[in-house]
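# Descriptive analysis of the structure
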Amino acid sequence: MKKLLIAACAIAATCIMFSGCDCLNGSSSSQSSGAAKLSAPVDLKMNNKGILSWDDVESATAYEIAIGDQVKTVEDNKQDLFALVSTAGDYTVSVSAVGGEAATYEFKAVQLAVPSTPVIVEDPETHAFKFVWEGAENTRAYLQQVNDGNWVSNTESYYEISSTGSYTISVKAKGYAANNVLYLESPASSVSETYEHKQGPV
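Presented here is an overview of the structure given in this document. (Residues numbered from 1 in each chain as written. Predicted model: local features only at pLDDT ≥ 70, side-chain atom pairs only at ≥ 80, totals over all residues. Heavy atoms only, no water.)

### Quick notes on the overall build of the chain
In plain terms, the rule: Secondary structure follows DSSP: runs of H or I at least 4 residues long count as helices, runs of E at least 2 residues long count as strands, and numbering of each begins at the N terminus. Each residue is placed in one exposure class: buried if its accessible area under a 1.4 Å probe, protein chains only, is under 20% of its type's maximum, exposed if it is over 50%, and partly exposed if it falls in between. Should any heavy atoms of two residues lie within 4.5 Å, those residues are counted as being in contact. Here the accessible surface of atoms and residues is derived via Shrake-Rupley with a 1.4 Å probe, and residues count as covered only by protein chains that are part of the display.
Broken down by element type, the chain carries one helix and 19 strands. Looking at the chain as a whole, 30% of its 202 residues are labelled buried. Contacts spanning at least 24 positions in sequence make up 57% of the contacts within the chain whose residues lie at least 6 apart. Taken as a whole, the chain presents about 12800 Å² of accessible surface, with 51% of it coming from carbon and sulfur.

Written out as structure tokens, the structure reads:
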């Protein structure tokens, strides 16, 4: 009986010394380790609206996005980079399925310059009155605010007056993305002088 007790103690000591072995079921701990990490996202790309997207990762339930000191979790396989970047510079964004390997995407952010203050002119051909302004380099479209209303997109560098009344206008260069560059929306221009329009174009 004493020999059996000594043998049992020796087996227990051996299990403590070699913790990598599961002496109760005869299997190694490596066999009971957790599942492998999820793979890294692939095909990261940014569209002209600044949306970064990637292919779905199999078994992923959410994704972690890290840029600078910002980390956020999203359920979809896309992220608006304008929501994460507000200053010009070179950036690297890291994307991973939660608990998985990460992939990175590099891009540059450029600040668009403020357009000139709109001024009223009369078209020499149509005699229509319009506010006109000058955009800076890389500007493709504008946001305009007439009489403190909502900001409205405009691909032209003018706003034509169509009815009688008082008008003021302010404009911004509209943000967009192209060729791995995020062009950031400009601050608003100075507000134009008030223009009183008394009749429509002739």
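Now that the structure has been shown, we can carry on.
### Topic: the pattern of salt bridges
Formally: The term salt bridge refers to a side-chain nitrogen of Lys or Arg lying within 4 Å of a carboxyl oxygen of Asp or Glu.
As enumerated under the stated definition, the model contains three salt bridges in all. With a shortest N-O distance of 3.5 Å, K130 and D123 are connected by a salt bridge. Per residue, the accessibility class of K130 equals that of D123, and both read buried.

### Considerations on the packing of aromatic side chains
We apply this condition: Aromatic contacts are taken between Phe, Tyr and Trp rings whose centres are within 6.5 Å, Trp giving its six-membered ring; a plane angle under 30 degrees counts as stacked, one over 60 as edge-to-face, and the others as tilted. For a Lys NZ or an Arg CZ to count as sitting over a ring, it must be within 6 Å of the ring centre and within 35 degrees of the ring normal.
Scanning the model with the defined rule gives seven aromatic pairs in all. Where W54 meets Y63, the ring centres are 5.5 Å apart and the plane angle is 70°; that geometry is what we call edge-to-face. Here W54 matches Y63 in class, with each residue buried. Grouped by ring-pair contacts, the aromatic residues Y91, Y105 and F107 constitute a single cluster. Here the basic side chain of K130 rests over the ring of Y158, its NZ or CZ set 4.3 Å away from the ring centre. Taking NZ or CZ as reference, K172 lies 4.3 Å from the ring centre of W151, over its face.

### Some points on the nonpolar core
For the record, the criterion: Buried residues of nine kinds, namely Ala, Val, Leu, Ile, Met, Phe, Trp, Tyr and Cys, make up a nonpolar core once their side-chain atoms join them within 4.5 Å.
Judged by nonpolar contacts, the single largest core of 23 residues is most densely connected at L52, V85, V93, F107 and L182. Going through the elements one at a time, β5 (63-67), β8 (89-97), β9 (102-111) and β18 (181-184) are the ones with two or more residues in this core. In contact with F107, not counting residues within four places along its chain, are M46, I67, L81, V85, G89, D90, Y91, V93, N180 and L182. In this structure, F131, Y142, I161 and I169 belong to the second largest nonpolar core, which totals eight residues.

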